[in-house]
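# Examining the three-dimensional arrangement
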Amino acid sequence: MGQTSDVSDPAVLLDHLRDVPDFPEPGIVFKDITPLLADAKAFRLAVDAISEPYLDASVDIVAGMEARGFLFAAPIAYRLGAGCVPFRKPGKLPYETVEHTYDLEYGTDTLAAHVDAIGPGARVLVVDDVLATGGTAAAACELVEGLGGTIVACAFLLELGFLSGRGRLEGQSVMSVLTI
Ligand code: AMP
């Protein structure tokens, strides 16, 4: 059974993140969300804090990025009464896909979506755990718009402000529960 703690202010969620230096590469301080996920109250608070601004935003789809984005996108979609769409690494989705390649804080990557994942005019909330350089979220926005969807906002648990990821999301509404 996971531990629980008495949390009500989202700022305390920072205490539930673990810094892992030099992962996955030297020089990267990886923000490990698994302690937060394993804490029932912290996890609920995080999901509620990301969902809350969008309760009345008529969100049709919550799109989550592989892999940690899935862990938030699914409960947020449930909370908003929306559908949930996974944006995955290439070769993982079984049906026909569209892809977008982007730069990461560490290397490059490609994000894929099913061609029929988002209908024309669907209102989409893009969700991930961490906003770092913004490349992943920008690629997700390209996928959403390429499929005819409308982006309501990009929402994150944690923004690494020193990496200026917001700059790659110009024109989008960007919300982060925590910023360091
Ligand atoms: P970026 O495209 O640079 O904004 O990177 C965001 C994606 O990479 C998210 O899916 C994060 O899960 C992951 N990521 C990037 N940097 C970190 C970090 N320092 N700690 C944890 N996750 C990270």
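Residues numbered from 1 in each chain as written. Predicted model: local features only at pLDDT ≥ 70, side-chain atom pairs only at ≥ 80, totals over all residues. Heavy atoms only, no water.

What follows concerns the overall build of the chain. Tallying secondary structure elements over the chain gives four helices and nine strands in all. When the elements of the chain are put in sequence order from the N terminus, they spell out β-β-α-α-β-α-β-β-β-β-α-β-β. Relative to the compact-globule value of 16 Å for 180 residues, the chain shows a C-alpha radius of gyration of 16 Å, a close match. By principal-axis analysis of the C-alpha atoms, the chain measures approximately 40 × 40 × 30 Å. When the 180 residues of the chain are sorted by exposure, 47% land in the buried category. For the chain, contacts bridging at least 24 residues in sequence account for 61% of all contacts bridging at least 6. If you sum the accessible surface of the chain, you get close to 8,800 Å²; carbon and sulfur atoms cover 50% of it. With 12 positive and 25 negative side-chain charges, the chain shows a separation of 4 Å between the mean positions of the two kinds. (Helix = DSSP H or I, 4+ residues; strand = E, 2+ residues; numbered from the N terminus. Rg over C-alpha atoms; globule rule 2.2 N^0.38 Å. Buried < 20%, exposed > 50% of the residue type's maximum accessible area, 1.4 Å probe, protein only. Contact = heavy atoms within 4.5 Å. Areas by Shrake-Rupley, 256 points an atom, 1.4 Å probe, with all protein chains shown as cover. Lys, Arg positive; Asp, Glu negative; His and termini not counted. Charge placed at Lys NZ, Arg CZ, Asp CG, Glu CD.)

Below, the discussion takes up unusual backbone geometry. At the junction of F23 and P24, the peptide bond is cis and its omega measures out at -5° in the coordinates. By the element assignment, P24 lies in the loop between β1 (18–21) and β2 (29–32). Following E66, the chain continues into A67 via a peptide bond in cis, with omega recorded as -5°. You can see A67 is positioned in the loop between β3 (61–65) and α3 (68–80). Positive phi, close to 60°, is recorded for D22, a residue that is not glycine. Tracing the sequence through the fold places D22 in the loop between β1 and β2.

Within the largest apolar cluster, 33 residues are counted, with the highest numbers of intra-cluster contacts made by Y54, V62, F72, L125 and L157. Of all the elements in the fold, those that place two or more residues in this core are α2 (40–51), α3, β7 (123–131), β8 (150–159) and β9 (174–179). Of all the elements, α2 adds the most residues to this core, at six residues. Grouped together as the second largest cluster of nonpolar side chains are 26 residues, M65, F87, A140 and L169 included. (Core = buried A, V, L, I, M, F, W, Y, C linked by side-chain atoms within 4.5 Å.)

Before going further, it helps to examine a nonpolar patch on the surface. A contiguous nonpolar patch, built from L14, F162 and I180 and spanning about 280 Å² of accessible area, is present on the exposed surface. Tracing the backbone through its elements, the reader meets F162 in the loop between β8 and β9. Assessed through its relative accessible area of 57%, F162 is described here as exposed. (Patch = residues over 30% accessible without salt bridge, like charges linked within 9 Å, V, L, I, M, F, W, Y side chains within 5 Å. Salt bridge = Lys/Arg side-chain N within 4 Å of Asp/Glu carboxyl O.)

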